[in-house]
Amino acid sequence: MARPGHLILLAAAALLGLRYCFLASPEQLPKAKSGVDFNPAVAASAALPALTMLAEDAEAKYGDNRKWSAVLVPLTTLVFPITAFGVFVLYSFTEDAFWRSPANPGTPKAKAAEKAWREHPLFADIKDPMFGLLNPDDYEKGLEEAWERAKPAGSTVTVKEKLAKLSKQNAPHWETWNKVSSA
């Protein structure tokens with residue numbers, strides 16, 4: 001929803017814009033000048049259509065077309081793609097290729113980036129499932145109560161065991177919970 005200040009600004013802009021919708025009264029019109037005002041920009045824009053008659057037609061000559069086709073067609077269809085694909089293949093076999101990919105988390109560059117993030121005080125405990133909670137004890141208590149009411153008959157899984165297991169793994173927690181809940 002828009003804030004009140006935005007609505008006031010929009011209303012003021014609309015009111016200011018309304019003054020351009022109406023003509024001025026004859027008393028407020030500027031007085032006509034007796035001399036002629038020459039504007040060079042208007043004269044140049046009026047002369048442009050006449051200047052286009054002097055230009056040649058924009059078409060390639062037969063010799064130029066054939067010469068450039070002999071160079072550009074092999075260049076764009078063979079040389080550039082082969083070079084680009086070759087560089088990509090060589091890059092994909094390097095150790096740090098695709099280091100940001102979730103499928104390749106163990107590269108040295110990915111480990112160095114993760115270590116740098118963990119050294120920052122705001123992201124030091126980001127892997128902790130309780131990270132960011134103001135009262136983790138209250139959350140655990142509520143989670144235990146909810147699990148005791150909702151767990152299937154005969155289940156031996158406890159909340160404390162599951163939270164301990166989740167705190168030691170190196171995977172997004174929502175994927176693990178999704179697998180557990182669908183089983």
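Residues numbered from 1 in each chain as written. Predicted model: local features only at pLDDT ≥ 70, side-chain atom pairs only at ≥ 80, totals over all residues. Heavy atoms only, no water.

## What about the side chain of Thr107?
So, step 1. With respect to the helices and strands, Thr107 occurs in the loop between α3 (62–92) and α4 (108–119).
So, step 2. Apart from residues no more than four positions distant in its own chain, Thr107 is found in contact with Glu95, Asp96 and Trp99. (Helix = DSSP H or I, 4+ residues; strand = E, 2+ residues; numbered from the N terminus. Contact = heavy atoms within 4.5 Å.)

## Observations concerning the confidence of the model for the chain
So, step 1. Per-residue confidence for the chain gives a mean pLDDT of 78, with 80% of residues at or over 70.
So, step 2. Within the chain, no element has a lower average pLDDT than helix α7 (residues 173–182), which sits at 51, and none a higher one than helix α5 (residues 136–150), at 89. (pLDDT = per-residue confidence, 0-100.)

## Section: the packing of aromatic side chains
So, step 1. If you walk through the whole model with that rule in mind, you get three aromatic pairs.
So, step 2. Arranged with centres 6.0 Å apart and planes meeting at 65°, the rings of Phe88 and Phe98 form a pair that is edge-to-face. Of the two residues, Phe88 is situated in helix α3 and Phe98 in the loop between α3 and α4; the sequence distance between them amounts to 10 residues.
So, step 3. Where Tyr91 meets Phe98, the ring centres are 5.6 Å apart and the plane angle is 70°; that geometry is what we call edge-to-face.
So, step 4. For Tyr91, a relative accessible area of 39% puts it in the partly exposed group.
So, step 5. On the basis of relative accessibility, which here comes to 38%, the residue Phe98 falls in the partly exposed class.
So, step 6. Taken together through their ring pairs, the aromatic side chains of Phe88, Tyr91 and Phe98 make up a single cluster. (Phe/Tyr/Trp six-rings, centres within 6.5 Å; stacked < 30°, edge-to-face > 60°. Buried < 20%, exposed > 50% of the residue type's maximum accessible area, 1.4 Å probe, protein only.)

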